[in-house]
Amino acid sequence: MSKIIKLPGLIDIHVHLRDPGQTYKEDFYSGTCAALAGGVTTVFDMPNNIEPIFSYKKLTEKMTIAGQKAVCDFGLYFGTDGKNTDEFSKVQKLVTGLKIYLNLTTGKYLVDDEKLVEKVFQTWPKDKVIIVHAEGDKIDLAIDLCRKYKNKLHITHVVTRNDLEKIMDAKLLKLSITCDVTPHHLFLTEKDLPYLDGFGEVKPSLASQSDADFLWDNLKFIDCIATDHAPHTLAEKKSFDPPSGMPGLETMLPLLLTAVSKNRISLEDIVRLTNINPQRIFGFKQEENTYVEVDTEEKYMIKGEELETKCGWSPYKGWKVKGKVKNVFIRGTKVFSEEKVLVTPGFGKNIPQ
Ligand code: DOR
Ligand code: ZN
């Protein structure tokens, strides 16, 4: 039996495609092929490249590379160490938003000095998103600054009950605060760590079942689901000191459709979290005729080595899912079908800001 339904193309507001600098892990071609295979038609790429995107020059270099290689649409974030605020006026019209790391993660671009963090909130244009990696007390700091400077604040990859409760409270203050969760913090917990070993190493860390349940139970307070697709090679993940991050672009939609079949989430919520809210928060309009056809009845097993991502592994290896991406269309062109990408590098466009 098969049942084909149409969904608007997914917009993933948080990916790391590693290009330029670490193209042995991923690049704009392989990463956007992975996106299409997962029904994702637009990705927003993070600035923590090996040489971070902290200047107009680095940003425009990356934009050129993305424009030449991408097969799905894309947007780029600018990054900050708190000392590059002079660049903000030059880049603001070119990017989807500004990323600031208030906790340590891959690339070690943490901004620890609160004076610098404040300067960033003060300087970044108020109509463009500041997306923060903030956990625990750092969420309080971001919310305080948002209240003071009236920023458009988005808190990415919220994991714990405590952190989501802080955001739920802040939303009551009618500030412009939104948040997302990742599939891995919904579908994996610290109980999976023994078998995942280095493959389960991610920032923020996998949490308890009760934290994951709290996210599931409070989806109405969550604005987006974003993958935080963060590929590292098999060898790196098997090493003594594995880097943090896991791929997610190709597995997000099948996992969510499987959850629909178990009545854990509705299709309407999937559309709200992966399409409507990303457009609303980032203030852009997805182009016409950009959609995905999925078979909600087709069952298959996730296999790492068959994925489009260069890293060739998945933390969900061996999981049986129900819901398969069949065809993907962008701007009326069929871009993916029969497990194959049908367009050439450069088809993807930078979304208008
Ligand atoms: O686990 C993570 N990996 N979390 C992040 O926030 C960054 C990412 C990466 O770039 O590898
Ligand atoms: Zn990330």
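Residues numbered from 1 in each chain as written. Chains lettered and ligands numbered in written order. Predicted model: local features only at pLDDT ≥ 70, side-chain atom pairs only at ≥ 80, totals over all residues. Heavy atoms only, no water.

To continue, consider the pattern of salt bridges. Under the defined criterion, the tally for this structure stands at 22 salt bridges. Salt-bridge contacts for Glu118 lead to Lys148; the nearest nitrogen and oxygen are separated by 2.7 Å. Within this pair, whereas Glu118 is found in helix 4 (residues 114-123), its partner Lys148 is found in helix 5 (residues 137-149), the two being separated by 30 residues in sequence. Given a relative accessible area of 53%, Lys148 falls into the exposed group. Notably, a salt bridge pairs Asp223 with Arg280, separated by 3.6 Å at the nearest N-O pair. Here Asp223, found in the loop between helix 9 (209-217) and strand 9 (224-225), pairs with Arg280, found in helix 12 (residues 267-282); they are 57 residues apart in sequence, far enough to count as distant. (Salt bridge = Lys/Arg side-chain N within 4 Å of Asp/Glu carboxyl O. Helix = DSSP H or I, 4+ residues; strand = E, 2+ residues; numbered from the N terminus. Buried < 20%, exposed > 50% of the residue type's maximum accessible area, 1.4 Å probe, protein only.)

For ligand 1, the set of nearby residues contains 14 residues, the closest of which are Arg18, Asn48, Thr105, Thr106 and Lys203. At a separation of 2.8 Å, an oxygen atom of ligand 1 approaches a polar side-chain atom of Arg18. Taking Asn48, its side chain carries an N or O atom lying 2.9 Å from an oxygen atom of ligand 1. Protein chains bury 100% of the 290 Å² of accessible surface belonging to ligand 1 in isolation. Of the residues assigned to the shell around ligand 1, the class counts are two nonpolar, nine polar and three charged. (Near = heavy atom within 4 Å. Polar contact = N/O pair within 3.5 Å; in protein donor to acceptor, adjacent residues only side chain to side chain. Areas by Shrake-Rupley, 256 points an atom, 1.4 Å probe, with all protein chains shown as cover. Nonpolar A, V, L, I, M, F, W, Y, C, P; charged D, E, K, R; others polar.)

Below, the discussion takes up the sheet that holds strand 1 (residues 4-8). Taken in spatial order, the five strands line up as 1-10-11-12-13 in an open sheet, and their pairing is antiparallel. Either end of the sheet is taken by a strand with one partner, and the two such strands are strand 1 and strand 13 (340-341). The sheet contact formed by strand 12 (residues 333-337) and strand 13 spans two bridges and is antiparallel. Directly across from Phe336, in strand 13, lies its bridge partner Val341. (Pairing = 2+ DSSP bridges.)

Annotation from UniProt places "domain: Amidohydrolase-related" (unreviewed entry) at residues 6-285. In the segment residues 6-285, helix accounts for 40% and strand for 15%; the C-alpha atoms at its two ends are 18 Å apart. (UniProt positions renumbered as here; feature names shortened; annotations may be inferred.)

Turning our eyes to something else, we now look at the pairing of strand 7 (residues 152-155). Strand direction decides the pairing type here: strand 6 (residues 129-133) and strand 7, joined by four bridges, are parallel. Following the sheet pairing, Val129 is matched in strand 7 by Lys152. Each parallel crossover has a hand, and the one from strand 6 via helix 5 to strand 7 is right-handed. Two elements, strand 7 and strand 8 (residues 177-181), share three bridges in a ladder whose sense is parallel. (Right-handed = clockwise from strand over helix to strand, strands pointing away.)

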